[in-house]
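Residue-level structural notes
Spelled out, the chains give:
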Amino acid sequence: MATHGDLEKGSSGVRKEAGKVPSPLYPQHEGEREWVPWIVPVFFVANITVFVITMYVNNCPVRTHDGKCIGHFLGRFAFQPLRENPLIGPSSATLTKLGALVWQKVVHEHQGWRLLSSMWLHAGVVHLVANMFSLLFIGMRLEQQFGYVRIGIVYLLSGLGGSVLSSLFIRNQISVGASGALFGLLGAMLSELLTNWTIYTNKVAAVLTLLFVIAVNLVLGILPHVNNFAHIGGFIAGFLLGFVVLMRPHFGWMERYSMPAGTACTSKKYLLYQWILMAIALALLIIGFAVGMTMLFRGANGNDSCSWCHYLTCVPTGSWKCTN
């Protein structure tokens, strides 16, 4: 993930340059609490633990007939052959057994729990390392500024949003990974910048930089074997959640900490536009989840209502073909 720096207004009115970070996250204003991250490290450990368990259950040397597993010295933790899993990981059958997102099982076998379990599974070492690096790089700073409750909510609900949208459009492939939740954190970073507009300077540069990072990652999602619907669903959920749970007091309110003792502060803590954005985002979030879940469990196929949407996750070229 790319990073960008910005300038934030200090409590004394002096502009301070902050270090380069992957979002508009800067040192707290005077009077704001700085949290010690722990939920993101817990998510990190949980994902790695689940992957280790997945490889233990996979047991490639026993389940692969030709025995051409990668890393025989790992014993039952050896990986599937590259021709079967180029991401260096378990088989599709193992992922399905442990909770991968499979439309048929979610809708017709009433296994809705897969909408959440799939976000803790990873297709291989490459997949796991990329996602965990992004989780630490983005999530630690977010949690440091906003705390474990709000970031935990964004992460989990964004992952759910990615699973719901993915299931509406992809029926014949399994899906795993924390990418939807991670894109939710990216979306929340963008909405946090917009709703807390008054406390930042270099606003346009910050927005354009963040939009560029998001656009690049979404464009990479049109490559084959990448579930861009999970990315898009997670991003939308996280973007709306950012307006709801990441709202910060505006600059005028924070200036009270630099006023002489006994000076009355007449500024309101939050501005009207922040409340309006929060109300609209909350309504859209509730409606989106309600409609999406209803369509999913009724067996609706999103491709029937949107004939071009399949191009959002894969664009066929002379080098590869796309299949649902």
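Scroll up to find the structure.
Summarised in this report is the structure supplied together with it. Everything numeric here is computed off the predicted structure, so don't read it as measured data.

1. Considering the state of the cysteines
- The full count for this structure, using the stated rule, is two disulfides.
- Note that C60 is cross-linked by a disulfide to C69, the S-S spacing being 2.0 Å. For the disulfide bridge between C60 and C69, the dihedral angle about the S-S bond is near -95 degrees, and by the sign convention the bridge is left-handed.
- For C69, a relative accessible area of 8% puts it in the buried group.
- The side chain of C306 participates in a disulfide bridge whose partner is C309; the two sulfur atoms lie 1.9 Å from each other. Classification of the bridge connecting C306 and C309 rests on its S-S torsion, roughly 85 degrees, and on that basis the disulfide is right-handed. Across the pair, exposure class does not vary: C306 and C309 are buried alike.

2. Here's the deal with the packing of aromatic side chains
- In the structure shown here, the tally under the stated rule is eleven aromatic pairs.
- Seen from their ring centres, W35 and Y148 are 6.0 Å apart, and the 80 degrees between their planes marks the pair as edge-to-face. Taken together, the residues W35 in the loop between β2 (15-17) and α1 (39-58) and Y148 in helix α7 (residues 148-169) connect sequence positions 113 residues apart.
- Considering the side-chain rings of F239 and F243, the 5.0 Å spacing of their centres and the 80 degrees angle between planes classify their relative orientation as edge-to-face. One end of the pair, F239, and the other, F243, are both in helix α10 (residues 228-245), four residues apart, so they sit about a helical turn from each other.
- Three or more aromatic residues joined by ring pairs form one cluster here, namely W35, W38 and Y148.
- Of note, R76 hangs over the ring of Y56, and the distance from its end group to the ring centre comes to 3.7 Å.

About the cut-offs
- The written sequence of each chain sets the order in which its residues are numbered from 1.
- At least 70 in pLDDT is required for a residue's local features to be given in this predicted model, at least 80 for side-chain atom pairs to be given and counted, and no such filter applies to totals for whole chains, interfaces and linings, which use all residues.
- Side-chain metrics rest on all non-hydrogen atoms present in the structure, leaving aside hydrogens and water.
- The disulfide definition used here is simple: a pair of cysteine sulfur atoms within 2.5 Å.
- Three labels apply to residues, based on accessible area from a 1.4 Å probe with only protein chains included: buried if under 20% of the type maximum, exposed if over 50%, partly exposed otherwise in between.
- Here a Phe, Tyr or Trp ring, Trp counted by its six-membered ring, pairs with any other such ring whose centre lies within 6.5 Å, and the pair is stacked when the planes are under 30 degrees apart, edge-to-face when over 60, and tilted otherwise.
- Numbered from the N terminus, helices here are DSSP runs of H or I no shorter than four residues, and strands are runs of E no shorter than two.
- In this scheme, the term charge over a ring applies when either NZ of a lysine or CZ of an arginine sits within 6 Å of the ring centre and within 35 degrees of the ring normal.

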